[in-house]
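# Secondary and tertiary structure notes
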Amino acid sequence: MASGDDDDPIIEEIDVYLAKSLADKLYLFQYPVRPSTMTYDDVNHLTAKIKPKQQRVELEMAINTMSPNYCRSKGEQIALNVDGTAYDETNTYSAKMMDKQTFSSIQATTNTSRYAAAVFRKGELHVTPLTGILQMRPSFSYLDKADNKTREREAANEGGDSSQDEAEEEAKAITVRFARPESEQARQRRIQSYEFLQKKQAEEPWVHLHYHSVKDSRSEHERQYLFCQSVDASENSELVKTPKEYLAMLMPPLAEEKVVKPVGPSNVLSMAQLRTLPLGEQVKTLMKNVKVMPFANLMGLLASGTDSTSVLRCIQQVALLVQGNWVVKSDVLYPKNTCSPHSGVPAEVLCRGRDFVMWRFTLERSVMRKEIASIIKLPPEDVKEFLEHVATPRINRGWEFLLPTDVDFIKKHPDVAHRQHMLWLGIQSKLEKVFNFSKEDFVPKNSPQPEPVHVSGEQRLKVAQERAQENQLSLQKDLDARRAGSSVHVKQEPVSDKEDEPMDTSCHPSSSSSSYIPNGYVNGYPSVTSPGFDHTNGNSASPELQDFVIKTFRKHFVLTLNELKRLFNLHLASMPAGQSIFHSISDHMLQDAILLCQCKQIMVPFPAQSTAAPDEQKVFGLWETGEDFDKHRRLLFDVFTKNYRVRRNIIQAKLAQELGDVSKADIDRLLKECCSSHAGMWYLKGTIQS
């Protein structure tokens, strides 16, 4: 070691002092877009401001407009784009020329504990810790302002080009929804989001500063604070350390990592923990987790030797008997003063809806989700959750109860079954008052079907002749009514639910003629084997119907299915009485006729919150007329498959890209034929949300 010290002798010792006068307000500015030889010391600084918490600084510096390197025409053009022609106090460039530029800061590093500014004087080194290191870069916010001005002018021009009067937006009803309670995780995500951080940053006000140049007397005075005001060693205790303390500062000891034992999910309870609870709590916990369970399975989960009578007493407090199996009560799953995690519906409403679902399963093995939802009128997410608790979906059978009927339990405990039956009668009476129905409305549909009877053709003919003679009087009255006025109508087909639920195609002689569907019909239409099927043309659209569709689309070009049905009914009403040439027309027949008449469906992406009916979301457009203008319409339809509303310039750009230069008259004609305008936006006809 001695030889090493001799080879590297100490030449000079320098005293180091820690200056604290500017420790909390000393910033280092860097200008990375310019070399160090081109400083801004001699440039006129117009304004300066800072946000201390964010360490964000903005400097406004003048531009030498008299320099030979300055392009005067470009400066005037930029000022015109940013501020427009009108003079206003808020204008960015009051001289009608770009005569200044703004520098905005970003933090070069967030941890400045290892950085300091040092000044060497008279053999002493004075060090001041830095508060922040900021890189100053040119800000182009004036370009954003110019873009906003351009968009405003384009919107005004589009409004002027509109071929229709854009009326003021009418008052319309809105749906009020209450926000769900925010969970802690959702709150943490919101706080960490970019939008929240931007909002918090915008809330901090700017602090305006006075700039003093490098050679200003105030700057000279402030620079004196870079030197330590006291040279006493006791005042610089931070720099007086023992070798051991200094070594600890250079290499701090590693903190011991705490070993955290894994913790299971809050909703998971082991069987060992479960059996430490009272019997009632054990039964309640099991039923809350399993939802539906046979009594034998429940006894198997409890400790051996548990009294079945005590278990029966406990389970009747937290569950109800459905088809011999125990289903947890609704108020156990949805306690008072809580709400649905899906929709925010209160617990009281959820309990009534779930009780209705459970009561339906006391009557039959399978239920239809669509029928349930139409009565309890709750969001589909909640209805699905009710059904998933106790049932499973079956193809063409709706939702079937999860477990087979436990006949053994009912036979073994008839007193419990009778008590539960009486309890269900009380629940039924409450549900009838709330949902306004009667038990007779839900007759089980699982009655055995009779064996098919084979009847010969002669017997069918004889029966038909007898029925015709018996009903001759009623048929005559019906004929007179048809002559009195047109009875043709467009069938309204309900929107099918997502589940494959069967339609009731059985024959009900007691039902009204409007709801009666003869045997051999499928979904309301005659099948190939039914006597109502036309074997000559397969029930395809008639020439008269196609002629109506062609004429209507050549007049309107774009129609929703709902609007076409309205026009068709008006057409039928205008025909002379007794001269109707149309039979009963269904939605499917009408859509087939549209597709046969050189039209196509336009898949308009309606927004998720759209209130449009299904028929209003089916949009059709005229695709082929034999004219050159067909290309324009097809391109327009293609634009509306990307968005349900667009601006005029988007349509112009699409046409120019595909067809070259398109005249303003052609664009006006295209928009007039196929679109409607509202609030500066263009929609296909019939798709504006009222």
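Residues numbered from 1 in each chain as written. Predicted model: local features only at pLDDT ≥ 70, side-chain atom pairs only at ≥ 80, totals over all residues. Heavy atoms only, no water.

### A word on the state of the cysteines
Covalent bonding between the sulfur atoms of two cysteines defines a disulfide. As enumerated under the stated definition, the model contains 0 disulfides in all. The thiol of Cys674 is unpaired, and the distance to the nearest cysteine sulfur, on Cys675, comes to 5.8 Å. (Disulfide = S-S within 2.5 Å.)

### Overview of the sheet that holds strand 7 (residues 124-129)
Strands sit in the order 1-7-6 across an open sheet of 3 strands; the sheet is mixed. Each having just a single partner strand, strand 1 (15-18) and strand 6 (116-121) make up the two edges of the open sheet. Ignoring strand direction, the axes of neighbouring strands in this sheet form an average angle of 25°. (Pairing = 2+ DSSP bridges. Helix = DSSP H or I, 4+ residues; strand = E, 2+ residues; numbered from the N terminus. Axes fitted to C-alpha atoms, helices over the stretch in contact; angles between N-to-C directions.)

### Remarks on the nonpolar core
Counting 54 residues, the largest nonpolar core has Val283, Met287, Trp326, Phe356 and Phe361 as the members making the most contacts within it. Of the residues forming this core, the biggest block, 8 residues, is contributed by helix 13 (residues 347-363). Each residue touching Val283, except ones within four places of it in the same chain, is listed here: Leu298, Leu302, Val311, Cys314, Ile315 and Val318. Within the second largest apolar cluster, 45 residues are counted, among which are Leu559, Val639, Ile667 and Trp682. (Core = buried A, V, L, I, M, F, W, Y, C linked by side-chain atoms within 4.5 Å. Buried < 20%, exposed > 50% of the residue type's maximum accessible area, 1.4 Å probe, protein only. Contact = heavy atoms within 4.5 Å.)

### A look at the packing of aromatic side chains
Tallied over the entire structure, the rule returns 14 aromatic pairs. With 5.4 Å between their ring centres and 45° between their planes, Phe295 and Phe409 make a pair best called tilted. Of this pair, Phe295 sits in helix 10 (residues 295-301) while Phe409 is found in helix 16 (residues 407-412), placing the two residues 114 residues apart along the sequence. Judged by relative accessible area, which is 8%, Phe295 ranks as buried. With relative accessibility at 5%, the residue Phe409 sits in the buried group. Pairing Trp623 with Phe637 gives two aromatic rings, centres 6.2 Å apart and planes at 25°, and the pair type is stacked. With Trp623 in the loop between strand 20 (619-622) and helix 23 (630-640) and Phe637 in helix 23, the pair connects residues that are 14 residues apart, well separated along the chain. (Phe/Tyr/Trp six-rings, centres within 6.5 Å; stacked < 30°, edge-to-face > 60°.)

### Regarding the pattern of salt bridges
Between side chains of opposite charge, pairing is possible as soon as their charged atoms come close. Taken as a whole and assessed by the stated rule, the structure comprises 26 salt bridges. Residues Glu624 and Arg634 are paired through a salt bridge, measuring 2.4 Å at the closest nitrogen-oxygen approach. Of this pair, Glu624 sits in the loop between strand 20 and helix 23 while Arg634 is found in helix 23, placing the two residues 10 residues apart along the sequence. Between Arg633 and Glu673 there is a salt bridge, and its shortest N-O distance comes to 3.2 Å. Of this pair, Arg633 sits in helix 23 while Glu673 sits in helix 25 (residues 664-674), placing them 40 residues apart in sequence. The pair Arg633 / Glu673 is uniform in exposure class, with both members buried. Three or more residues are tied together by salt bridges with common partners; here these are Glu627, Asp630, Arg633, Arg669 and Glu673. (Salt bridge = Lys/Arg side-chain N within 4 Å of Asp/Glu carboxyl O.)

### What about the layout of surface pockets?
One number sums up the size of the second largest pocket: a volume of about 1,600 Å³. Around the second largest pocket, the lining is made up of 34 residues, and of these Leu26, Tyr27, Phe29, Tyr211 and His212 lie nearest the centre. Listing elements by their share of the lining of the second largest pocket, those giving two or more residues are strand 2 (27-30), strand 3 (45-51), strand 4 (56-62) and helix 6 (217-223). Among the elements that make up the lining of the second largest pocket, the one with the highest residue count is helix 6 (4 residues). Looking at the lining of the second largest pocket, its residues break down into 20 nonpolar, 8 polar and 6 charged. (1 Å grid on protein atoms, 1.4 Å probe; cavity = no way out; pocket = protein on both sides within 12 Å on 5 of 7 lines; lining within 4 Å. Points joined across faces, edges and corners; volume = space filled by probe spheres on them. Nonpolar A, V, L, I, M, F, W, Y, C, P; charged D, E, K, R; others polar.)

### Considering the packing of helix 13 against helix 15 (residues 380-390)
Packing of helix 13 against helix 15 brings their axes to within 10 Å, and their N-to-C directions diverge by 45°. Classified by the angle their axes make, helix 13 and helix 15 are oblique. Handedness of the helix 13/helix 15 crossing: right-handed. Here helix 13 contributes Leu350, Gly353, Arg354, Val357 and Phe361 to the contact with helix 15, which in turn contributes Asp382, Phe386, Leu387, His389 and Val390. The class makeup of the residues in the contact of helix 13 with helix 15 is 6 nonpolar, 2 polar and 2 charged. (Parallel < 35°, antiparallel > 145°, perpendicular 65-115°, else oblique. Left-handed = near helix turned anticlockwise from the far one by under 90°.)

Note that every value here comes from positions in space, so none of it alone points to a role or purpose.
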